[in-house]
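Listed below are the residues making up each chain.
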Amino acid sequence: MPPGKIGVMSTHIGAKPGEIAERVLMPGDPLRAKWIAEHYLEDAKCYSTVRNMFGFTGAYKGVRLSVQGSGMGMPSASIYAHELLNEYGVNTLIRVGSCGALTESLKVRDVVAAIGSATDSNMNRARFDGLIDYAPVADFGLLRTAVEIAERRGVQMRVGSVLAADAFYTDRPDLYDRLADYGVLAVEMESAALYTIAAKFKARALTVLTVSDHLKTGERTSAEERERTFAEMVEIALETAIA
Ligand code: HPA
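Enquirer: Just checking my understanding: could you explain the side chain of Thr-196 for this structure?
Expert: Here Thr-196 lies in helix H6 (residues 191-200). Its relative accessible area of 4% is what places Thr-196 among the buried residues. Setting aside residues up to four positions removed in sequence, Thr-196 forms contacts with Asn-124, Arg-127, Tyr-134 and Pro-136.

Enquirer: Can you walk me through the environment of Gly-183 in this structure?
Expert: By the element assignment, Gly-183 lies in the loop between helix H5 (173-181) and strand S8 (184-188). Judged by relative accessible area, which is 40%, Gly-183 ranks as partly exposed. Each C-alpha atom of the pair Gly-183 and Gly-160 lies 7.5 Å from the other, and the pair is 23 residues apart in sequence.

Enquirer: Help me out: how do you make sense of the packing of aromatic side chains in this one?
Expert: Each aromatic ring pair is characterised by the separation of its centres together with the angle its planes make. Taken as a whole and judged by the stated rule, the model has five aromatic pairs. Through successive ring pairs, a cluster of aromatic residues spans Trp-35, Tyr-40 and Phe-230. The ring centre of Phe-201 lies 5.6 Å from the NZ or CZ of Lys-200, which sits over that ring.

Enquirer: What should I look at first to understand the nonpolar core in this one?
Expert: Across soluble globular proteins, nonpolar side chains have a tendency to be buried as a group. Formed by 66 residues in total, the largest nonpolar core has its most connected members in Ile-20, Leu-25, Leu-84, Leu-93 and Leu-206. The greatest single-element share of this core, amounting to nine residues, is contributed by helix H7 (residues 223-242). One finds Leu-102, Ala-165, Val-184 and Val-187 within the second-largest nonpolar core, a separate group that totals six residues.

Enquirer: Explanation requested: the packing of helix H1 (residues 30-40) against H7 in the structure shown.
Expert: The description of two packed helices rests on the angle between their axes and on the distance between the axes. It is at 12 Å that the axes of H1 and H7 come closest, and there the two elements cross at 70 degrees. When the axes of H1 and H7 are compared, the pair comes out roughly perpendicular. Between H1 and H7 the crossing geometry is right-handed. Within the contact between the two elements, H1 uses Arg-32, Trp-35, Ile-36 and Tyr-40 and H7 uses Arg-226, Glu-227, Phe-230, Ala-231, Val-234, Glu-235 and Leu-238. Its residues placed into classes, the contact of H1 with H7 shows seven nonpolar, no polar and four charged.

Enquirer: What exactly am I supposed to notice about the site of the ligand here?
Expert: For the ligand, the full set of nearby residues is Ser-98, Cys-99, Gly-100, Phe-168, Val-187, Glu-188, Met-189, Ser-212, Asp-213 and Leu-215. At a separation of 3.4 Å, a nitrogen atom of the ligand approaches a polar backbone atom of Ser-98. Within the backbone of Gly-100, a nitrogen or oxygen atom sits 3.3 Å from a nitrogen atom of the ligand. Burial of the ligand by the protein chains amounts to 92% of its free accessible area of 260 Å². A molecule is said to occupy a pocket when more than half its atoms come within 2 Å of that pocket's grid points, and by this definition the ligand occupies the largest pocket. Mapped by element, the contributors of at least two residues to the shell around the ligand are strand S5 (92-101), S8 and strand S9 (204-214). Along the lines of polarity and charge, the residues of the shell around the ligand split into five nonpolar, three polar and two charged.

Enquirer: When you look at a nonpolar patch on the surface in this model, what are you seeing that I'm missing?
Expert: A cluster of nonpolar side chains, Leu-131, Ile-132 and Tyr-134, forms an exposed patch at the surface whose accessible area comes to about 310 Å². Along the chain, Leu-131 falls in the loop between helix H3 (123-127) and helix H4 (140-152).

Enquirer: What exactly am I supposed to notice about the pattern of salt bridges here?
Expert: If charged atoms from side chains of opposite charge come close, those side chains can pair. For the structure shown, the criterion picks out eleven salt bridges. As a salt-bridge pair, Glu-232 and Arg-153 come within 3.6 Å of each other at their nearest N and O atoms. Of this pair, Glu-232 sits in helix H7 while Arg-153 is found in the loop between H4 and strand S7 (157-164), placing the two residues 79 residues apart along the sequence. Here Arg-153 falls in the partly exposed class, since its relative accessible area comes to 33%. Among the salt bridges present, the one from Asp-174 reaches Arg-172, with a minimum N-O distance of 2.8 Å. Taking the relative accessible area as the measure of exposure, Asp-174 reaches 37% and is therefore partly exposed.

What counts and how
- Residues numbered from 1 in each chain as written.
- Predicted model: local features only at pLDDT ≥ 70, side-chain atom pairs only at ≥ 80, totals over all residues.
- Heavy atoms only, no water.
- Helix = DSSP H or I, 4+ residues; strand = E, 2+ residues; numbered from the N terminus.
- Buried < 20%, exposed > 50% of the residue type's maximum accessible area, 1.4 Å probe, protein only.
- Contact = heavy atoms within 4.5 Å.
- Phe/Tyr/Trp six-rings, centres within 6.5 Å; stacked < 30°, edge-to-face > 60°.
- Lys NZ or Arg CZ within 6 Å of the ring centre and 35° of its normal.
- Core = buried A, V, L, I, M, F, W, Y, C linked by side-chain atoms within 4.5 Å.
- Axes fitted to C-alpha atoms, helices over the stretch in contact; angles between N-to-C directions.
- Parallel < 35°, antiparallel > 145°, perpendicular 65-115°, else oblique.
- Left-handed = near helix turned anticlockwise from the far one by under 90°.
- Nonpolar A, V, L, I, M, F, W, Y, C, P; charged D, E, K, R; others polar.
- Near = heavy atom within 4 Å.
- Polar contact = N/O pair within 3.5 Å; in protein donor to acceptor, adjacent residues only side chain to side chain.
- Areas by Shrake-Rupley, 256 points an atom, 1.4 Å probe, with all protein chains shown as cover.
- 1 Å grid on protein atoms, 1.4 Å probe; cavity = no way out; pocket = protein on both sides within 12 Å on 5 of 7 lines; lining within 4 Å.
- Sits in = over half its atoms within 2 Å of the grid points.
- Patch = residues over 30% accessible without salt bridge, like charges linked within 9 Å, V, L, I, M, F, W, Y side chains within 5 Å.
- Salt bridge = Lys/Arg side-chain N within 4 Å of Asp/Glu carboxyl O.

Here it is, written out as structure tokens:
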């Protein structure tokens, strides 16, 4: 039996069974998890400090909700997604993160919802014996709710596919241009694994991102701007999680 089910923490999350809510927001940065808990959750309690990858449970507008850092990249995010879904009964994961824009139709600070995720990761090739190019996609219900909430709040959220890249620094910017020609909006580093693992565990997942840097124009956001746009996106994610 997995450890969470017999009353002890999972391998990488120091929570006892029952300490994590069914709905979880997942920022990459554990300090963002702390920031979300402090700014938005009532009665937030930290349930895990393992590797400083903080997790908190509290309530948002009276609904029980957790926030768990995922770390950067698919190997790290996969560990937390897998343990949350497999060992703690989580059924809804919403990643809140940042991305680099691949197309001039996006500006820094824009909010993007990832409907699907292309990837250069080998994880799903290994998973499907290299025979299938699995298409990781967002949960349609969560995506529809997020779009409605963004519209209600007057936020123009772009919906489209993103690239989940293994490397932050690429030697192949030409491939990024080609992906942009095929409609891929932005690059981040976790969504393909999150969508795949959620599908495996029959859970719902969505990735919402703010554009922190622009790979075509070289523009970047300041730390202050990042905090402001991050808050806007987090509020959309929180409202989506409790809808
Ligand atoms: N590449 C990958 N992930 C990112 C980027 C980027 O340029 N910006 C924010 N997350």
